[in-house]
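# Descriptive analysis of the structure
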Amino acid sequence: QVQLVESGGGLVQDGGSLRLSCVVSGSIFRLNAMGWYRQVPGKQRELVASITSDGSTSYADSVKGRFTISRDNAKNTVYLQMNSLKAEDTGVYSCNAQMWRYWGSPTVDYWGQGTQVTVSS
């Protein structure tokens, strides 16, 4: 059983900052890429930022220069530091983790329950 638990969402004013955390627990053989996705009602879920197991990162154009993704492999945790937040950043942010269940197994996607981020203008 694998669990992803997010925290750090909330209400913030335009221009403010928030830091999201996602802790992965349970039966983990190998934790590969991790990422944060954003869901807004009426729109497709979009990838905001991702990070590989060796620390390579990528970002959606809309958040480049404002958001920073990082991870602590010893703690099986991924973070998303969000600065200079805008109203259009509002949404439910979900953590994704890609894992091997055993050596050479297919990659399996796991998801957190999501945390609400609301930016008031």
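Everything below is about the structure shown above.
Residues numbered from 1 in each chain as written. Predicted model: local features only at pLDDT ≥ 70, side-chain atom pairs only at ≥ 80, totals over all residues. Heavy atoms only, no water.

### Remarks on the packing of aromatic side chains
The following threshold applies: Any two rings among Phe, Tyr and Trp, with Trp reduced to its six-membered ring, count as a pair given centres within 6.5 Å; such a pair is stacked if its planes are under 30 degrees apart, edge-to-face if over 60, and tilted if neither. Note on conventions: DSSP H or I runs of at least 4 residues are helices, E runs of at least 2 residues are strands, and numbering of each starts at the N terminus. Accessibility here uses a 1.4 Å probe with only protein chains present; expressed as a share of the type maximum, an area under 20% marks a residue as buried, one over 50% as exposed, and anything in between as partly exposed. Criterion for a charge above a ring: Lys NZ or Arg CZ within 6 Å of the ring centre, and within 35 degrees of the ring normal.
Taken as a whole, this structure holds 2 aromatic pairs when the rule is applied. Ring centres of Y37 and W111 lie 4.9 Å apart, and the angle between their planes is 65°; this geometry places the pair in the edge-to-face category. With a gap of 74 residues between them, Y37 in strand β4 (residues 30–39) and W111 in strand β10 (residues 107–111) connect regions that are remote in the sequence. Its relative accessible area of 33% is what places W111 among the partly exposed residues. Residues W100 and W103 carry aromatic rings whose centres are separated by 5.4 Å and whose planes lie at 90° to one another, so their mutual orientation is edge-to-face. Residue classification places W100 among the partly exposed positions, given a relative accessible area of 22%. The ring of Y79 has R19 sitting right over it, with the charged end atom 4.1 Å from the ring centre. Across the ring face of W111, the terminal group of R45 is positioned such that the distance to the ring centre comes to 3.8 Å.

### A look at the side chain of D89
Our working definition: Here a polar contact is taken to be a pair of N or O atoms separated by no more than 3.5 Å, where protein atoms must pair a possible hydrogen donor with a possible acceptor and residues adjacent in sequence count only if both atoms sit in side chains. Two residues form a contact once any of their heavy atoms are found within 4.5 Å.
Along the chain, D89 falls in the loop between β8 (77–82) and β9 (91–100). At 2.8 Å, the side chain of D89 and the side chain of R66 are in polar contact. Not counting residues within four places of it along the chain, the set of residues in contact with D89 comprises R38, V63, R66, F67, S84, V117 and V119.

### Focus: the environment of R66
Tracing the chain through its elements places R66 in the loop between β6 (57–59) and β7 (67–72). Exposure remark for R66: the relative accessible area of 10% places this residue in the buried category. As a C-alpha pair, R66 and M82 span 16 residues in sequence and 6.2 Å in three-dimensional space. Apart from the residues lying within four places of it in its own chain, the contact partners of R66 are Q81, M82, N83, S84, L85, K86 and D89. At a separation of 2.9 Å, a polar atom in the side chain of R66 contacts the main-chain carbonyl oxygen of S84.

### A look at unusual backbone geometry
With the exception of glycine, the majority of residues adopt a negative phi angle, and the majority of peptide bonds are in the trans configuration. The residue N76 is not glycine, and still its phi comes out positive at about 50°. On the secondary structure map, N76 appears in the loop between β7 and β8. Positioned with a positive phi, S84 is a non-glycine residue whose angle comes to about 50°. Locating S84 in the fold gives a position in the loop between β8 and β9. Take S84: its relative accessible area is 39%, and that puts it in the partly exposed class.

### Details of the pairing of β7
Which entries qualify depends on this criterion: Only strands joined by at least two bridges in the DSSP assignment are considered to pair.
Only one face of β7 is covered, namely the face carrying F67, I69 and R71; the face carrying T68, S70 and D72 is uncovered. Inspection of the sheet shows β7 paired to β8 by 6 bridges, in the antiparallel sense. Bridge pairing in β8 links T68 to Q81. Between the end of β7 and the start of β8, which pair antiparallel, lie 4 residues, with N76 showing a positive phi angle near 50°.

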